[in-house]
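Commentary on secondary and tertiary structure
The residues making up each chain are set out below.
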Amino acid sequence: MLILSRKMNQKIKIGEEITVTIIEIRGDQVKIGVEAPKNVKVFRQEIFNAIQTENQAAVSPENIGVLSHLFTS
């Protein structure tokens with residue numbers, strides 16, 4: 001993990017196409033902006049985790065059995 005210190009309005013580049021900008025620092029919260037191509041998905045970690053959990057539930061053995069009946073009819 002790379003750890004960086006930044007001040008307001010300073011930026012971090014990730015590759016050539018992604019820029020992270022520090023927008024505001026207030027107490028223990030930091031507001032950041034992320035500029036990335038539309039094909040790059042950017043999520044907060046808790047949202048990403050929820051999506052992963054939902055995807056795993058969708059491919060559970062019970063759901064696969066139900067889905068297989070839809071395609072064999």
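What counts, and where the lines are drawn
Residues numbered from 1 in each chain as written. Predicted model: local features only at pLDDT ≥ 70, side-chain atom pairs only at ≥ 80, totals over all residues. Heavy atoms only, no water. Patch = residues over 30% accessible without salt bridge, like charges linked within 9 Å, V, L, I, M, F, W, Y side chains within 5 Å. Areas by Shrake-Rupley, 256 points an atom, 1.4 Å probe, with all protein chains shown as cover. Salt bridge = Lys/Arg side-chain N within 4 Å of Asp/Glu carboxyl O. Helix = DSSP H or I, 4+ residues; strand = E, 2+ residues; numbered from the N terminus. Pairing = 2+ DSSP bridges. Axes fitted to C-alpha atoms, helices over the stretch in contact; angles between N-to-C directions. Buried < 20%, exposed > 50% of the residue type's maximum accessible area, 1.4 Å probe, protein only. Polar contact = N/O pair within 3.5 Å; in protein donor to acceptor, adjacent residues only side chain to side chain. Contact = heavy atoms within 4.5 Å.

Remarks on a nonpolar patch on the surface
On the surface, Met 8, Ile 25, Val 30, Ile 32, Val 34, Val 40 and Val 42 cluster together into a nonpolar patch covering about 570 Å² of accessible area. Examining the composition of the nonpolar patch, we find that three residues originate from one element, strand β3 (residues 29–35), more than from any other. The residue Met 8 is located in the segment before β1 (11–14) in this model.

What about the sheet that holds strand β2 (residues 18–26)?
In spatial order, the strands read β1-β2-β3; together these three strands make up an open sheet with antiparallel pairing. The open sheet is flanked by β1 and β3, the only strands paired with a single partner. Within the sheet, the average angular offset between the axes of one strand and its neighbour, ignoring direction, is 25°. Where β2 meets β3, seven bridges bridge the pair, whose relative direction is antiparallel. Note that in β3 the partner of Val 20 across the bridge is Val 34.

Considerations on the side chain of Thr 21
Relative to the assigned elements, Thr 21 resides in strand β2. A residue is classified by how much of its surface remains accessible, and Thr 21, at 9% relative accessible area, is buried. A polar side-chain atom of Thr 21 sits 3.4 Å from a polar atom in the side chain of Lys 11. Ignoring sequence-local partners within four residues, the contact set of Thr 21 consists of Asn 9, Gln 10, Lys 11, Lys 31, Ile 32, Gly 33 and Glu 35.

Some words on the pairing of β1
Of the pairings in the sheet, the one linking β1 to β2 comprises four bridges and is antiparallel in character. Its bridge partner being in β2, Lys 13 is matched across the sheet by Thr 19. The turn linking β1 back onto β2 is made up of three residues, and Gly 15 within it adopts a positive phi angle of 65°.

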